[in-house]
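Examination of the molecular architecture
Here are the chains, one letter per residue:
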Number of protein chains: 2
Amino acid sequence: MPTIADVAAHAGVGQGTVSRVLNGSPKVRDATRARVLSAIELLDYRPNPLARGLSRGRCQTLGVVVPFFTHASAIERLRGVASGLDGSRYDLVLFNVESPVHRDEHIASITGRDRADGLLVLSLPVADRDLQRLTAAGVPVVLVDAPGTGVPTVVTDDRAGGRVATQHLVDLGHRAIGYLGHDPSNPFGFTATDDREAGYLEVLADAGLPVRRELIRYGPHDREAGRALAAELLAEPHPPTAIFASSDAQAMGVLAATEDAGLRVPRDLSVIGFDDVELSSYVGLTTVRQPLFESGRLGVELLLAALAGDPPPPTVHALPLELVVRSTTAPAPRRHDPNHISQPRGNAR
Amino acid sequence: MPTIADVAAHAGVGQGTVSRVLNGSPKVRDATRARVLSAIELLDYRPNPLARGLSRGRCQTLGVVVPFFTHASAIERLRGVASGLDGSRYDLVLFNVESPVHRDEHIASITGRDRADGLLVLSLPVADRDLQRLTAAGVPVVLVDAPGTGVPTVVTDDRAGGRVATQHLVDLGHRAIGYLGHDPSNPFGFTATDDREAGYLEVLADAGLPVRRELIRYGPHDREAGRALAAELLAEPHPPTAIFASSDAQAMGVLAATEDAGLRVPRDLSVIGFDDVELSSYVGLTTVRQPLFESGRLGVELLLAALAGDPPPPTVHALPLELVVRSTTAPAPRRHDPNHISQPRGNAR
DNA sequence: TTGAAAGCGTTACCAC
DNA sequence: GTGGTAACGCTTTCAA
């Protein structure tokens with residue numbers, strides 16, 4: 001591999017000059033620049049990123065910490081991230097988090113600009129201590145879909161989203177409304193769905209509906225969990241006529257469980273999700289649309305701005321939510337007993 | 001940030017000793033080691049990866065080049081990659097390819113161990129010239145789902161897969177079988193679907209079925225393309241009774257187009273895909289299962305082995321394919337005119 | 001405008 | 001075993 005010294009020798013100039021040419025310094029005579037450029041060409045020289053990084057004190061890399069990056073919602077966000085990064089000079093290193101240990105290890109592993117010039121954290125809360133440490137080390141951090149203090153943050157109003165979803169069901173006449181979400185005490189520290197649950201509870205209260213604890217279940221945001229949880233709900237003596245799942249992934253599971261139980265959506269059960277991932281439109285799932293792509297995109301943009309020396313204030317950017325009504329919600333069956341749903345309920349599988 | 005020199009000073013030893021401790025050299029007296037370790041602890045010292053990389057000539061990073069990484073099939077592979085990387089000391093940098101230019105830029109940007117210690121390329125062919133350059137530069141390369149010479153490669157027998165899919169349809173009595181795939185002259189150089197098409201053509205020939213060129217269409221491997229292409233096929237004067245889509249993504253589009261046309265699957269049209277992505281099982285799509293996760297996983301394992309100084313021979317690892325029959329294929333409608341399908345065909349939307 | 005040389009933080013070789 | 005000291009390849013003063 002040719003080095004800058006080789007280029008300098010070939011061009012008959014000093015290393016400094018080559019470096020200046022490389023970095024677009026204006027203080028190089030055109031003739032000299034041309035000589036250097038042709039030497040570079042001739043030798044097919046490429047600067048060594050490691051050496052450059054060591055010397056400049058930064059590594060031209062952005063770290064993205066993301067839990068379960070293969071989940072549809074994470075992918076949508078990453079799509080936004082990738083699109084925002086396109087054309088920039090930064091490489092993207094992916095820190096996948098599948099366990100709370102991962103999360104801490106990854107965050108702890110970033111101690112300065114030698115590992116990542118900036119950090120984008122998705123859906124995971126970051127301890128204030130870490131945030132301060134990172135900031136002090138000159139590594140800007142941007143949080144997406146998670147709380148944190150002192151750094152730019154991109155969020156949505158999950159509580160309002162929870163309200164919108166629940167209100168939609170209430171408006172349809174449902175009075176026994178189940179809720180599926182993440183355990184508030186989950187080890188990852190996810191908080192978004194807590195807020196959605198809060199919104200759900202608020203609307204219930206506003207509507208004068210009782211909170212039935214047995215209709216609230218927690219589990220991971222994937223289809224299988226949703227399926228199992230919904231099966232439990234449907235097996236209740238007084239099952240719900242509607243379920244608000246705090247993610248589309250869980251909602252997909254609810255749909256499956258309904259089918260398993262020989263019931264029909266939305267006739268026997270209304271289902272509303274949260275996120276509006278691509279799949280939801282295929283399936284016709286009613287949901288609360290969250291701008292996933294945009295959140296990822298805005299996240300990098302803020303990070304890039306910080307890196308460009310244009311430090312964005314630690315503002316909380318709230319992205320809009322939107323109710324998307326499709327075909328999995330319908331008016332509640334009219335009955336004297338609002339908790340009674342139509343027979344038969346045998347398992348069709 | 002404390003440096004190795006600080007640690008050395010605090011421990012009252014030379015830098016070399018600290019380095020030896022850091023790298024687990026056995027030639028350090030226990031007492032000395034303890035002193036160094038406590039100094040490291042005290043200062044909360046972490047080695048600078050850039051400096052380490054520069055000195056050692058490698059960067060502890062694996063590059064993964066992947067086209068359209070948000071596509072379901074790519075995600076499945078990446079999931080395998082991530083799982084194989086878990087526990088290793090390598091970071092994962094993602095090179096997303098959305099255009100042929102991207103591909104070349106990314107490949108060209110890797111010139112040595114300073115950018116990536118190894119390269120995993122998914123679904124994209126790599127020119128022999130690049131392969132040789134990379135190998136010469138000491139950067140091992142592993143190809144997954146793409147051809148290349150002189151490097152370990154993980155593939156499936158796409159031609160056999162194409163045969164299996166088509167034979168399944170033939171066995172069901174279909175005689176007018178459409179095919180959806182990638183344009184063989186696509187600018188990315190994808191070749192997997194060409195082989196699937198070859199398998200399709202072979203089975204047609206074996207079965208004494210004519211090749212109807214108008215029933216073969218090309219487009220990107222996404223749902224929208226599949227939908228548009230299938231709509232064209234269904235609008236043919238003599239439409240097919242079955243369609244083999246060379247990816248599940250396109251097959252999903254076929255399903256949508258069928259619905260658009262007011263037809264029913266599998267009554268009016270049988271559909272078979274390729275890949276068996278997660279969604280396919282939800283939808284009940286008949287398909288040819290390709291071990292996507294496993295291919296990614298095996299890919300990294302081979303790369304890691306190469307990096308561990310255990311260079312795997314440039315073998316072609318062929319992963320098994322499997323026909324997964326679900327509910328989108330059924331016997332061909334029995335008619336005198338095999339090209340005639342049931343009315344009505346009005347657009348139901 | 002340019003060259004020389006001092007870092008940047010490690011590793012690795014060479015003496016002791 | 002251990003310390004001293006060249007690399008590693010680049011950027012960035014500092015003089016000229």
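Only a predicted model underlies this, so the values are computations on that prediction, with no experimental measurement involved.

1. Quick notes on unusual backbone geometry
Residue and element names in this part refer to chain A. Across the junction of V265 and P266, the peptide omega takes the value 5°, indicating a cis bond. Relative to the elements of secondary structure, P266 occurs in the loop between α11 (248-260) and β9 (270-275). In this structure, F68 is a non-glycine residue whose phi angle is positive, near 45°. Notably, D145 is not glycine yet its phi reads approximately 65°, a positive angle. Here D145 is to be found in the loop between β4 (141-144) and β5 (153-156).

2. Quick notes on the packing of helix α5 (residues 72-85) of chain B against helix α13 (residues 292-307) of chain B
Residue and element names in this part refer to chain B. Axis separation between α5 and α13 bottoms out at 7 Å; the angle between their running directions is 40°. Accordingly, the angle class assigned to the pair α5 and α13 is oblique. Handedness of the crossing formed by α5 with α13: right-handed. The segment α5 lies against α13, with S73, E76, R77, R79, G80, V81, S83, G84 and L85 engaging L292, F293, S295, G296, R297, V300 and L304. Here the residues of the contact of α5 with α13 are counted per class, giving six nonpolar, six polar and four charged.

3. So, the environment of L302(A)
Take L302(A): it is sitting in helix α13 (residues 292-307). Every residue in contact with L302(A), bar those within four places of it in the chain, is listed here: V142(A), P152(A), V154(A), P312(A) and H317(A).

4. Brief notes about a nonpolar patch on the surface
Residues and elements named next belong to chain A. Together, V164, L323 and V325 make up a nonpolar patch on the protein surface, roughly 200 Å² of accessible area in all. Secondary-structure assignment places V164 in helix α8 (residues 158-171). A relative accessible area of 32% places V164 in the partly exposed class.

5. Looking at the nonpolar core
L120(A) and L120(B) are the most contacted members of the largest nonpolar core, which totals 48 residues. Not counting residues up to four positions away in its chain, the partners in contact with L120(A) are G63(A), V64(A), V65(A), V81(A), V142(A), V144(A), G296(A), G299(A), V300(A) and L303(A). In terms of nonpolar packing, the next biggest core, distinct from the first, is built from 40 residues, L292(A), L233(B), V271(B) and V277(B) among them.

6. Considering the protein's contact with DNA strand D
Taken together, 26 residues surround DNA strand D, and among them I4(A), Y45(A), S55(A), T17(B) and T32(B) come closest. Sugar and phosphate atoms form 63% of the subset of DNA strand D atoms that lie within 4 Å of the protein. A distance of 2.9 Å is found between a phosphate oxygen of DNA strand D and a backbone nitrogen or oxygen belonging to G14(B). Between DNA strand D and R29(B) there is a distance of 2.6 Å, counted from a phosphate oxygen to a backbone nitrogen or oxygen. Among the residues making up the surface near DNA strand D, the classes are represented as seven nonpolar, 12 polar and seven charged.

7. Here's the deal with the relation of the copies chain A and chain B
Note on the identical chains: chain A maps onto chain B by a rotation of 180° and an axial translation of 0.0 Å, with an RMSD of 0.1 Å. In short, the pair behaves as if placed about a two-fold rotation axis. Judged by C-alpha distance, V93(A) is the residue of chain A that lies nearest the rotation axis, at 2.1 Å. Most of the interface of chain A is mirrored in chain B, where 97% of its interface residues again form contacts.

8. Observations concerning the interface of chain A and chain B
By a widely used convention, the size of an interface equals the accessible area lost when the partners come together. Counting residues at the interface gives 35 residues for chain A, matched by 34 residues for chain B. For the pair chain A and chain B, the two sides together bury roughly 3,000 Å², of which 68% comes from carbon and sulfur. Counting across the chain A and chain B interface gives two salt bridges. The tally of links between chain A and chain B comes to eight residue pairs in polar contact (both at pLDDT 80 or more). For the side of chain A that touches chain B, the elements supplying multiple residues, two or more each, are α4 (49-56), α5 (72-85), β2 (91-97), α6 (100-109) and α12 (278-283) of chain A. The dominant element in the side of chain A that touches chain B, judged by the number of residues it contributes, is β2(A), at six residues. Per-class residue counts for the side of chain A that touches chain B are 18 nonpolar, eight polar and nine charged.

9. Looking at the sheet that holds strand β12 (residues 322-324) of chain A
Residue and element names in this part refer to chain A. Overall, mixed pairing links the six strands, which are arranged β7-β6-β8-β9-β10-β12 in an open sheet. Edge positions in the sheet fall to β7 (216-218) and β12, since each has one partner strand and no second. Recorded for the sheet is a direction-independent mean angle of 20° between the axes of neighbouring strands. Sheet topology note: the strand β10 (residues 286-289)/β12 ladder contains three bridges and is antiparallel. What sits directly across from V288, in β12, is L323.

10. A few points about the domain arrangement of chain A
Residues and elements named next belong to chain A. Partitioning chain A into domains gives domain 1 (4-47), domain 2 (61-156 + 292-319) and domain 3 (158-290). Counting from both sides, the interface comprises 19 residues of domain 2 and, opposite them, 13 residues of domain 3. Each partner contributes to the roughly 1,300 Å² buried at the junction of domain 2 and domain 3, and carbon and sulfur atoms together form 57% of this total. Sorting the residues of domain 2 by area buried against domain 3 places P100, T156 and L292 first, and these three jointly supply 36% of that buried surface. Taken together, domain 2 and domain 3 are joined by zero salt bridges.

Procedures and definitions
- Counting restarts for each chain: residues are numbered from 1 in the order of the written sequence.
- Numbering of ligands from 1 and lettering of chains from A proceed in the order in which they are written.
- Local features in this predicted model are restricted to residues whose pLDDT is 70 or higher, and side-chain atom pairs enter the listing and the counts only when it is 80 or higher, whereas totals over whole chains, interfaces and linings include all residues.
- Derived side-chain values reflect all non-hydrogen atoms in the structure, with water molecules and hydrogen atoms excluded from consideration.
- Numbering of helices and strands runs from the N terminus; a helix is a DSSP stretch of H or I covering at least four residues, while a strand is a stretch of E covering at least two.
- Axis definition: a line fitted to C-alpha atoms, limited for helices to the stretch in contact. Angles are taken between N-to-C directions and run from 0 to 180 degrees.
- Roughly parallel refers to an angle under 35 degrees, roughly antiparallel to one over 145, roughly perpendicular to one between 65 and 115, and oblique to any angle outside these ranges.
- Put simply, a crossing is left-handed when the front helix is turned counterclockwise from the back one by less than a right angle, and right-handed when it is turned clockwise.
- The criterion used for residue contact is that any of the two residues' heavy atoms lie within 4.5 Å.
- Under the scheme applied here, ten amino acids are nonpolar (Ala, Val, Leu, Ile, Met, Phe, Trp, Tyr, Cys and Pro), four are charged (Asp, Glu, Lys and Arg), and all others, including Gly, are polar.
- Any residue with relative accessible area above 30% and no salt bridge may belong to a patch, with like charges joined within 9 Å and the nonpolar Val, Leu, Ile, Met, Phe, Trp and Tyr side chains within 5 Å.
- Throughout, the Shrake-Rupley method with a 1.4 Å probe supplies accessible areas, and for residues the shown protein chains are the sole cover considered.
- Should a side-chain nitrogen of Lys or Arg be within 4 Å of a carboxyl oxygen of Asp or Glu, the pair is scored as a salt bridge.
- Each residue is placed in one exposure class: buried if its accessible area under a 1.4 Å probe, protein chains only, is under 20% of its type's maximum, exposed if it is over 50%, and partly exposed if it falls in between.
- By nonpolar core we mean a set of buried residues, namely Ala, Val, Leu, Ile, Met, Phe, Trp, Tyr and Cys, connected to one another through side-chain atoms within 4.5 Å.
- Each residue is tested against the molecule or strand, and it is near if at least one of its non-hydrogen atoms lies within 4 Å.
- Contacts described as polar in this section are N or O atom pairs within 3.5 Å, which, within protein, must combine one atom able to donate a hydrogen with one able to accept it, while residues neighboring in sequence count only if both atoms come from side chains.
- A residue counts toward the fit only if its pLDDT is at least 70 in both copies, and the copies are then superposed by least squares on the C-alpha atoms of those residues.
- Summed over both partners, the accessible surface that disappears when two parts come together, traced with a 1.4 Å probe, is what is meant by buried area.
- In this scheme, strands are said to pair when DSSP sees at least two bridges between them.
- Domain start and stop points were drawn from an automatic or database domain assignment.

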